[in-house]
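# Structural overview for review
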Amino acid sequence: MDIYRNSKQRDRVLEIVRDAKIHPTADWIYEKLKKEFPSLSMGNVYRNLNILVDQKKINKLHFGSTFDRFDGNIDRHYHFICEKCKAIIDLDLPIDEKLNDRVIKYKANSHKIQFYGICDKCEK
């Protein structure tokens, strides 16, 4: 049972996060929505993002940056982070399930891997 009532703002936040390929910040989402919802505040955006994370409709990415990024792709996947422009890119690589079995002393249930380097746009 969902404890949150439906919200047009939350539906739009979800739509924007799912459509964005850039793993947006709350600020970026706020800028996209402020004309559509004049009374929208950053607090509303953060609340809606946190609710969507709680509902497992989006993921919050923690890469040690100043701002959290959000991912509308909730399927397990790896990321590539550009060290120059800080872009976060979904990688089309199969998840290596056997990697969990290589942890010998502990029972590993899952893993997260990020690759770092220079993206193709910055390489040009």
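A brief report on the enclosed structure follows.

## What about the side chain of H111?
Counting through the fold element by element, H111 comes out in the loop between α4 (98–101) and β5 (114–117). By relative accessible area, which is 18% here, H111 ends up buried. Here Y78 takes part through its side chain, which lies 2.8 Å from a polar atom of the side chain of H111. A distance of 2.8 Å separates a polar atom in the side chain of H111 from a polar atom in the side chain of N100. Apart from residues lying up to four places away in sequence, H111 is in contact with R76, Y78, I95, D96, L99 and N100.

## Examining the sheet that holds strand β4 (residues 88–91)
An order of β4-β3-β5 is seen for the three strands of this open sheet, with the pairing classed as mixed. Each edge of the open sheet carries a strand with a single partner, namely β4 and β5. Averaged over all pairs of adjacent strands, the angle between strand axes in this sheet comes to 25 degrees, irrespective of strand direction. Inspection of the sheet shows strand β3 (residues 78–82) paired to β5 by four bridges, in the parallel sense. Bridge pairing links C82 to G117 in β5.

## A closer look at the pattern of salt bridges
Any two side chains of opposite charge can pair if their charged atoms end up close together. Tallying each qualifying case throughout the model produces five salt bridges. Taking the shortest distance from any N to any O, the salt bridge between R12 and E15 comes out at 3.1 Å. Pair noted here: R12 and E15 are both in helix α1 (residues 8–19), with a separation of three residues, about one helical turn. With relative accessibility at 39%, the residue E15 sits in the partly exposed group. For E97, the salt bridge goes to R76, with nearest N and O atoms at 2.7 Å. Taken as a pair, E97 in the loop between β4 and α4 and R76 in the loop between β2 (69–71) and β3 lie far apart in primary sequence, 21 residues in all. Taking the relative accessible area as the measure of exposure, E97 reaches 43% and is therefore partly exposed. The exposure class assigned to R76 is partly exposed, which follows from its relative accessible area of 42%.

So, how was this worked out
- Along each chain, the written sequence defines residue order, and numbers are assigned to residues from 1.
- Local features in a predicted model are, by the rule used here, given only for residues with pLDDT of at least 70; side-chain atom pairs are given and counted only at 80 or more, and totals for whole chains, interfaces and linings are based on all residues.
- With hydrogens and water excluded, all non-hydrogen atoms of the structure serve as input to the side-chain values.
- The numbering of helices and of strands both runs from the N terminus, where a helix is a DSSP run of H or I of at least 4 residues and a strand a run of E of at least 2.
- Residue exposure (1.4 Å probe, protein chains only): buried if accessible area is under 20% of the type maximum, exposed if over 50%, otherwise partly exposed.
- N or O atoms closer than or at 3.5 Å make up a polar contact, with two conditions inside protein: a donor-capable atom paired with an acceptor-capable one, and, for residues adjacent in sequence, both atoms drawn from side chains.
- Contact definition: two residues touch when any of their heavy atoms are within 4.5 Å.
- Between any two strands, pairing holds if DSSP finds at least two bridges.
- The angle between two axes is taken between their N-to-C directions and runs from 0 to 180 degrees, where each axis is a line fitted to C-alpha atoms and a helix contributes only its stretch in contact.
- Think of a salt bridge as a Lys or Arg side-chain nitrogen and an Asp or Glu carboxyl oxygen that are within 4 Å of each other.

Keep in mind these values describe shape, not function.
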